[in-house]
Amino acid sequence: MSDRVFSVILLPTAECNVACDYCFEDKEPHRLSMVMLPLLTRQLLDHLEHEGIEECEIYWQGGEAMIMGPAWFAEAGRLMDTAASTRGRRFKHYLQTNLISYSPVWNEVLRSMFGGSLGTSMDYPNLHRKLFAGGAEAYTRLWTDRLREAVAAGIEVGVIAVLHRGSLEAGPERFYRYFTEELGLKSFQVNTPFPGGPAKAVAADFDLDKSVLAQFLAGLFDLWMERGLDAGVALGPFDALIHHFTGAPARLPCIWKENCSNQFISVDSKGTVAQCDCWVTSYPESFFGNVFRDASLTEMLRKSPARQQFVERPKHLVEHEDCLPCRYLSICHGGCPVRTYSALGTMLAKDPDCEVYKAVFGRAEAHGRALLRRRLLTGVAKPGFQPAPGRPVAVAVR
Amino acid sequence: MLQEPDASLAFLTSAEAEGHLGGSCVVIVRTRGEFARWLREPAPGVEWLQVEGLLPDQEAWAMAAQGTSKVPLDVILTDPATEFSGLYRLVDARIVRSVRVTMPAAPGFLKAVRLAASLQLPVRLLPGQPSAEALAELTEAAHFYLHDPMVETPVEFFHSLLAGLRGTETGTLWTMLEEDPLVFARAEAQRPRDFVETHLARLIEQGAECAACRWQKVCAGYFKWPDPAYTCAGVKQLFASIESAADEIGRDLASRESGAS
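Here we summarise the structure given alongside this text. (Residues numbered from 1 in each chain as written. Chains lettered and ligands numbered in written order. Predicted model: local features only at pLDDT ≥ 70, side-chain atom pairs only at ≥ 80, totals over all residues. Heavy atoms only, no water.)

Description of the packing of aromatic side chains
Note on aromatic pairs: each is described by the distance of the centres and the angle between the planes.
Here's step 1: Per the stated rule, a full pass over the model turns up 35 aromatic pairs over all chains.
Here's step 2: Measuring from ring centre to ring centre gives 5.0 Å for A:Y178 and A:F179, while their planes differ by 75°; the resulting arrangement is edge-to-face. Like A:Y178, the residue A:F179 is buried in the burial classification.
Here's step 3: The ring of B:W48 carries the charged tip of B:R100 above its face, separated from the ring centre by 5.6 Å.
Here's step 4: If you follow B:R191 out to its NZ or CZ, it ends over the ring of B:F195, 5.1 Å from the centre. (Phe/Tyr/Trp six-rings, centres within 6.5 Å; stacked < 30°, edge-to-face > 60°. Buried < 20%, exposed > 50% of the residue type's maximum accessible area, 1.4 Å probe, protein only. Lys NZ or Arg CZ within 6 Å of the ring centre and 35° of its normal.)

Brief notes about the nonpolar core
Here's step 1: Among the nonpolar cores identified, the biggest contains 121 residues, and A:W60, A:F73, A:W143, A:F175, A:F179, A:W224 and A:L241 are the most heavily contacted of them.
Here's step 2: Among the elements that line this core, the one with the most residues is helix α6 (residues 210-228) of chain A, at 8 residues.
Here's step 3: Residue contacts for A:L241: discarding those within four places in its chain leaves A:F221, A:L252, A:W256, A:I331, A:V360, A:F361 and A:A364.
Here's step 4: By size, the runner-up hydrophobic cluster in this structure holds 84 residues, among which are A:L324, B:L55, B:W61 and B:F84. (Core = buried A, V, L, I, M, F, W, Y, C linked by side-chain atoms within 4.5 Å. Helix = DSSP H or I, 4+ residues; strand = E, 2+ residues; numbered from the N terminus. Contact = heavy atoms within 4.5 Å.)

Observations concerning the packing of α6(A) against helix α13 (residues 354-378) of chain A
All names here are of chain A.
Here's step 1: Contact pair α6 / α13: the axes reach a minimum separation of 8 Å and the direction vectors enclose 20°. The angle between α6 and α13 falls in the class roughly parallel. As for the relative orientation of α6 and α13, their crossing is right-handed in sense. Contacts between α6 and α13 pair K210, L213, A214, L217, A218, F221, D222 and M225 from the former with V356, A359, V360, R363, A364, H367 and L371 from the latter.
Here's step 2: Here the contact of α6 with α13 is built from residues that sort into 11 nonpolar, 1 polar and 3 charged. (Axes fitted to C-alpha atoms, helices over the stretch in contact; angles between N-to-C directions. Parallel < 35°, antiparallel > 145°, perpendicular 65-115°, else oblique. Left-handed = near helix turned anticlockwise from the far one by under 90°. Nonpolar A, V, L, I, M, F, W, Y, C, P; charged D, E, K, R; others polar.)

Looking at the pattern of salt bridges
Here's step 1: For the structure on display, the rule yields 39 salt bridges over all chains.
Here's step 2: When the shortest N-O distance is used, the salt bridge between A:E312 and B:R89 registers 3.7 Å. One end of the pair, A:E312, is in helix α10 (residues 305-320); the other, B:R89, is in the loop between α4 (80-83) and α5 (93-96), on a second chain.
Here's step 3: By relative accessible area, which is 19% here, B:R89 ends up buried.
Here's step 4: Linking B:R214 and B:E243 is a salt bridge whose minimum nitrogen-to-oxygen distance equals 2.7 Å. Placement of the pair is B:R214 in the loop between α10 (195-205) and α11 (216-219) and B:E243 in helix α12 (residues 233-260), with a sequence separation of 29 residues.
Here's step 5: Residues participating in the shared-partner salt-bridge network are B:D74, B:R100, B:R124, B:E178 and B:R186. (Salt bridge = Lys/Arg side-chain N within 4 Å of Asp/Glu carboxyl O.)

Brief notes about the pairing of strand β8 (residues 264-267) of chain A
Residue and element names in this part refer to chain A.
Here's step 1: Because side chains alternate across β8, one face comprises the buried residues F264 and S266, and the other comprises I265 and V267, equally buried.
Here's step 2: As judged from the 4 bridges shared by strand β1 (residues 6-10) and β8, these two strands associate in the parallel manner. Its bridge partner lying in β8, L10 is registered against V267.
Here's step 3: Relative to strand β9 (residues 272-274), β8 runs antiparallel, the two sharing 2 bridges. Residue V267 lies in a different strand from β9, and its bridge partner there is V273.
Here's step 4: Hairpin geometry of β8 and β9 is characterised by an intervening segment of 4 residues between the two adjacent antiparallel strands and by a positive phi of about 95° at G271. (Pairing = 2+ DSSP bridges.)

A short note on the sheet that holds strand β3 (residues 90-95) of chain A
Residues and elements named next belong to chain A.
Here's step 1: Spatially, β3-β2-β1-β8-β9-β10 is the arrangement adopted by the 6 strands of the open sheet, whose pairing is mixed. A single partner strand is all that each edge strand has here, and the edge strands are β3 and β10 (289-290).
Here's step 2: Across 6 bridges, the pairing between strand β2 (residues 55-60) and β3 is parallel. When the sheet's bridge partners are listed, W60 is paired in β3 with L95.
Here's step 3: Docked against the sheet, helix α2 (residues 70-86) engages β2 and β3, running at close to 155° with respect to β3.

Re the sheet that holds strand β6 (residues 123-126) of chain B
Residues and elements named next belong to chain B.
Here's step 1: Strand order in the open sheet made by the 8 strands is β7-β6-β5-β4-β3-β2-β1-β8, with parallel pairing throughout. Each having just a single partner strand, β7 (155-156) and β8 (184-186) make up the two edges of the open sheet.
Here's step 2: Looking at chain direction, strand β2 (residues 25-29) and strand β3 (residues 46-52) are connected through 5 bridges and run parallel. What sits directly across from V27, in β3, is L49.

Notes on the interface of chain B and chain A
Here's step 1: Taken residue by residue, the interface counts 27 residues in chain B and 29 residues in chain A.
Here's step 2: If you sort the residues of chain B by the area they bury against chain A, B:Q66, B:Y88 and B:M150 come out on top, with a joint share of 25%.
Here's step 3: Along the contact surface separating chain B from chain A lie 4 salt bridges.
Here's step 4: Counting across the chain B and chain A interface gives 7 residue pairs in polar contact (both at pLDDT 80 or more).
Here's step 5: Counting only elements with at least two residues in the side of chain B that touches chain A, the list comes to α3 (58-64), α5 and α6 (109-118) of chain B. (Buried area = accessible area lost by both parts, 1.4 Å probe. Polar contact = N/O pair within 3.5 Å; in protein donor to acceptor, adjacent residues only side chain to side chain.)

Some thoughts on the state of the cysteines
Residues and elements named next belong to chain A.
Here's step 1: A full pass over the atoms with the stated rule returns 0 disulfides over all chains.
Here's step 2: Free of any disulfide, C16 has its nearest neighbouring cysteine sulfur in C20, separated by 6.2 Å.
Here's step 3: Judged by its relative accessible area of 18%, C16 falls in the buried class.
Here's step 4: Residue C260 stays outside any disulfide, its sulfur separated by 6.7 Å from that of C336, the closest cysteine.
Here's step 5: Of the residues examined, C260 reaches a relative accessible area of 9% and is grouped as buried. (Disulfide = S-S within 2.5 Å.)

This is the structure:
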């Protein structure tokens with residue numbers, strides 16, 4: 001069996017129980033039927049077998065995945081894992097949720113199917129994640145309650161924060177302290193936003209000045225290095241970058257892969273296959289096919305003209321953009337295709353956040369060198385910093 | 001008189017390799033069919049596959065990323081300046097098996113070296129008798145290899161030359177670049193097994209600059225083949241720049257050791 005990783009971002013529903021005002025997803029009421037799950041599972045296992053891959057990571061997202069209920073997941077997990085075991089393969093499940101529907105009834109399936117962990121999202125300050133009735137403040141109160149309940153139950157929680165203008169105005173210090181002191185988190189991640197899907201008025205709040213964003217991220221990086229690194233706080237993607245620049249194995253986020261088309265796909269509740277959840281929820285022109293209608297997932301991926309664009313993108317960038325001479329080509333490869341497409345209407349260009357990434361990489365490189373120097377001088381093999389526990393490589397935007 | 005068994009590595013075409021019973025070999029594959037056959041069932045003794053002309057073939061590389069065989073690959077570029085972007089096709093294959101890229105030091109090759117390095121693909125650079133333009137690019141490539149922190153995999157011959165200058169026994173440039181017929185029996189090269197020894201001896205006898213060259217032991221007349229009239233001034237400067245880096249490493253290590261004691 002090979003060491004290749006294959007991941008599927010699986011959206012059992014596009015329905016959602018909250019009303020975040022920047023959400024670009026098309027929330028069509030539809031849910032993945034248990035009747036269809038065996039076919040989906042077989043298609044995935046056939047593909048794994050063909051590719052000689054032993055393990056597939058399933059990132060359950062939405063819409064809001066918890067709408068499906070714990071019993072549905074328990075049955076889905078049993079069905080998929082049994083089928084995989086029969087064929088000498090493994091699924092590893094991860095859950096990304098807004099946590100609003102969490103209650104103790106979820107604990108059993110979270111432990112048995114999801115390794116006792118889940119991922120969720122919260123911004124600081126929260127201005128845009130809202131309940132249908134109650135707005136952003138009510139959302140934050142409810143989410144915080146749910147977070148504390150999950151943590152008290154022993155569930156390991158990782159949080160993704162999407163940056164917006166309010167975050168930058170608050171500054172790195174307040175931002176960092178909210179997650180680490182107010183929420184008491186040991187693992188969180190920052191994402192840069194992008195204006196996916198149809199234009200919305202609120203998108204302006206996420207259209208961030210690149211130099212201000214770069215400054216914020218650099219400041220946050222410095223803060224984390226000063227206070228979080230040795231305290232065991234994992235802050236993505238900074239922790240992965242530090243691993244990289246200190247010579248340790250690093251699992252960088254999907255936006256910086258050589259080619260995301262090599263490593264994962266997304267499937268929605270109707271069986272539509274696209275590159276990732278950002279594409280499958282917003283850009284029909286990017287769809288690869290349908291796993292319930294196409295005879296073979298492998299053939300679909302091989303022949304899809306839409307997918308071919310993803311495959312060719314990195315080649316195009318090194319031929320036509322300024323990526324080839326870039327010092328950070330090996331950890332960036334031109335950045336994220338959906339970020340590029342949503343900003344420029346084409347994926348055949350480098351990520352518009354290029355200068356932001358360079359600023360972050362530069363910071364990471366400087367910190368990495370200082371760390372190595374410190375280790376060399378003090379003889380310490382490794383500081384009190386452990387790699388973040390298996391964070392999903394696919395980055396949930398929300 | 002007893003003859004020593006031939007311990008050299010034979011480079012065989014796919015057809016020649018079928019049924020080869022003579023020990024270790026490298027199989028040269030030039031079609032998708034040949035590639036598929038040797039990926040599927042490499043046979044004991046096959047050290048690696050030398051893959052020629054298949055970089056544009058996406059299906060071939062999808063195949064190389066599958067299956068249970070781990071046979072390593074040496075991917076040959078003939079025109080690195082135009083082929084370089086195709087190296088992205090090797091990304092999945094290099095996860096499941098060792099993959100190296102070999103290329104001539106033809107104008108524009110540095111693009112391929114940069115991209116190969118960014119994909120953590122080792123590189124074997126065949127300098128031949130470089131023109132002034134190629135020498136300038138070789139010098140830039142050496143600087144890239146020595147100083148760019150993104151480089152994590154070897155770029156030969158710089159890598160072995162540096163190791164040799166630091167005291168590791170690495171043999172001559174012919175060995176480093178896998179072109180010594182005593183060890184690497186490449187049929188297309190059509191050189192006898194004792195070629196390196198006799199070639200250098202002839203150069204010295206004919207009064208070539210090799211006789212007094214300080215790099216004679218490591219170069220062994222590499223840059224005087226095929227044209228013995230080739231002027232080595234530029235190459236000597238390239239060697240000197242790598243030697244300078246080796247000396248710098250030595251000084252840094254010595255100062256650390258003396259600081260620690």
